[in-house]
Amino acid sequence: MWMLSGILPVPPPFLRSDLYTKPPMALPLAVFSAISIYDPMYMGQTSTNHRKAGAAMAEFKRGRRSFILPHPPVITTWASVAGKKESEGPLAHTFDISSQDTYFGQKTWEQAEKHMQQIALDTLLQKARLDDTDLDLVFSGDLLNQCIGSSFTLRNRDIPHLGLYGACSTMAESLLLASMAVSAGYADRAVAMTSSHFASSERQYRFPLGYGGQRPPTSQWTVTGAGAALLCSQGKGPRITACTTGVVTDLGIKDANNMGAAMAPAALSTIKAHFSDLNTGPEDYDLIVTGDLGQIGKELLLELARLEGLSLGGKLADCGTMVFDNTTQDVHAGGSGCGCSAITLCGELLGKLNAGKLKKILFCGTGALLSPTSNQQGLPISGVCHAVCITGGSA
């Protein structure tokens, strides 16, 4: 044991003599003090208090995967931006901004997606009568490699940002994390935001549009759109009261044109966990809304639930079957992409919750966790689903 002036007598784990043959370098007391909070070797009472605090924080956990929010954050404002095909669908009247230009005035589709997020964020702030400095955190992600749509959107805006990749579950994942931050007192205002673009996704995950490849009936149409929601510690609007985190499931589906099949098992896993952890069921919700399983994935989910003895009681809806009209728009199995659940939530669903037309929904964002590399190497497509319980507007 080393005794140096201004240095604690016991080295931290990464400098212990049983791990290294040379004595450790002298480090400032502040470094050891910071380490002592996390390692019981150093200050027993401090670490005990820390463990007690950690245990107390877990008092809001329910079951294995769920938690309740002691101070339910309020979704005070939301905004949605939609592309040409989306603005021709049944939810057109719920979007804040629609464009007939798939490039959104930009030079490339990727830049168009970034611009959509910028428009969504700026529209959100304008509706809330806030500016960038009023935001404590932004949780956002997209489908572009390294999530450049989100990072480029926030360049030089001096807004604290946590980037996410949950594929098409990103809207639910960002809501889940933003609600945790606001409920726990780490933020008063947090934004959950995401986007996707049909052309950029096709080019990245499947084939460039100029290739002219045929799309099978199981394929879905990636939504060109962006959505943003503002979660606040106080105010009026729908509230998030509980959440269930997803687990990664993989049943060996390898077809990038059949992502509904890859995501359906993840959706069932999360819905079952939510019901079990929180002692609730389909009868407690007006709607159970999955992110973008599409028509085929929705049917698979219903069949998987039936085999598990679970009846969803006619409550199941899917954003992929809501955003387009499958009878008049050629979208095959329906919509998909981060923007699918984002513009459906930040328009139709939150609008109805706020107006009292819906009292309580379970919003289940589903994502297919593939990448261009995994797809090219023929690896199976994993799925994930995060669920957020949203209740109707209140003062």
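The following paragraphs examine the structure supplied in this document. (Residues numbered from 1 in each chain as written. Predicted model: local features only at pLDDT ≥ 70, side-chain atom pairs only at ≥ 80, totals over all residues. Heavy atoms only, no water.)

1. Some remarks on the overall build of the protein chain
Next up, step 1: Scanning the protein chain from terminus to terminus reveals eleven helices and 15 strands.
Next up, step 2: Burial analysis of the protein chain (395 residues in total) assigns 52% to the buried set.
Next up, step 3: Considering only residue pairs separated by 6 or more positions, the protein chain has 75% of its internal contacts joining residues 24 or more positions apart.
Next up, step 4: When the accessible area of the protein chain is evaluated, it comes to approximately 17500 Å², of which 55% is carbon and sulfur surface. (Helix = DSSP H or I, 4+ residues; strand = E, 2+ residues; numbered from the N terminus. Buried < 20%, exposed > 50% of the residue type's maximum accessible area, 1.4 Å probe, protein only. Contact = heavy atoms within 4.5 Å. Areas by Shrake-Rupley, 256 points an atom, 1.4 Å probe, with all protein chains shown as cover.)

2. Looking at the side chain of Ser341
Next up, step 1: With respect to the helices, strands and loops of the structure, Ser341 is situated in helix α10 (residues 338-355).
Next up, step 2: If we ignore the near neighbours within four places in the chain, the residues touching Ser341 are Cys168, Met171, Gly291, Cys319 and Phe363.

3. With respect to the packing of helix α7 (residues 259-277) against helix α8 (residues 294-307)
Next up, step 1: Packing of α7 against α8 leaves a shortest axis separation of 8 Å and a crossing angle of 45°. On the basis of the axis angle, α7 is oblique to α8. Once α7 is placed against α8, the crossing between them reads as right-handed. Counting all contacts with α7, which are made through Gly260, Ala261, Ala264, Pro265, Ala267, Leu268 and Ile271, the residues of α8 involved are Gly297, Leu300, Leu301, Leu304 and Ala305.
Next up, step 2: Residue composition of the contact of α7 with α8, by class: ten nonpolar, two polar and no charged. (Axes fitted to C-alpha atoms, helices over the stretch in contact; angles between N-to-C directions. Parallel < 35°, antiparallel > 145°, perpendicular 65-115°, else oblique. Left-handed = near helix turned anticlockwise from the far one by under 90°. Nonpolar A, V, L, I, M, F, W, Y, C, P; charged D, E, K, R; others polar.)

4. So, the packing of aromatic side chains
Next up, step 1: In the structure shown here, the tally under the stated rule is one aromatic pair.
Next up, step 2: Across the ring face of Phe152, the terminal group of Arg155 is positioned such that the distance to the ring centre comes to 4.2 Å.
Next up, step 3: Taking NZ or CZ as reference, Lys360 lies 4.9 Å from the ring centre of Tyr285, over its face. (Phe/Tyr/Trp six-rings, centres within 6.5 Å; stacked < 30°, edge-to-face > 60°. Lys NZ or Arg CZ within 6 Å of the ring centre and 35° of its normal.)

5. Digging into the pattern of salt bridges
Next up, step 1: The tally for this structure, following the rule as stated, stands at seven salt bridges.
Next up, step 2: In the salt-bridge network here, residues are joined through shared partners; they are Asp122, Asp132 and Arg157. (Salt bridge = Lys/Arg side-chain N within 4 Å of Asp/Glu carboxyl O.)

6. So, the state of the cysteines
Next up, step 1: A full pass over the atoms with the stated rule returns zero disulfides.
Next up, step 2: No disulfide involves Cys147; its sulfur sits 7.9 Å from that of Cys338, the nearest cysteine.
Next up, step 3: Residue Cys147 is classed as buried on the basis of its relative accessible area, which comes to 13%. (Disulfide = S-S within 2.5 Å.)

7. A word on the side chain of Thr170
Next up, step 1: Its location among the elements puts Thr170 in helix α5 (residues 170-183).
Next up, step 2: If near-sequence neighbours (up to four positions away) are discounted, Thr170 is found in contact with Gly141, Leu164, Tyr165, Thr194 and Cys338.

8. Observations regarding the nonpolar core
Next up, step 1: Ranked by internal contacts, the top residues of the largest apolar core, which has 47 residues, are Met171, Leu175, Ile240, Phe363 and Ile390.
Next up, step 2: Looking at which element gives the most residues to this core, the answer is α10, with eight residues.
Next up, step 3: If we skip the residues at most four places from it in the chain, Met171 touches Ala192, Thr194, Gly227, Ala229, Ser341, Ala342, Leu345, Cys346 and Phe363.
Next up, step 4: In terms of nonpolar packing, the next biggest core, distinct from the first, is built from 27 residues, Met259, Ala264, Ala266 and Leu316 among them. (Core = buried A, V, L, I, M, F, W, Y, C linked by side-chain atoms within 4.5 Å.)

Purely geometric numbers; function is a separate question.
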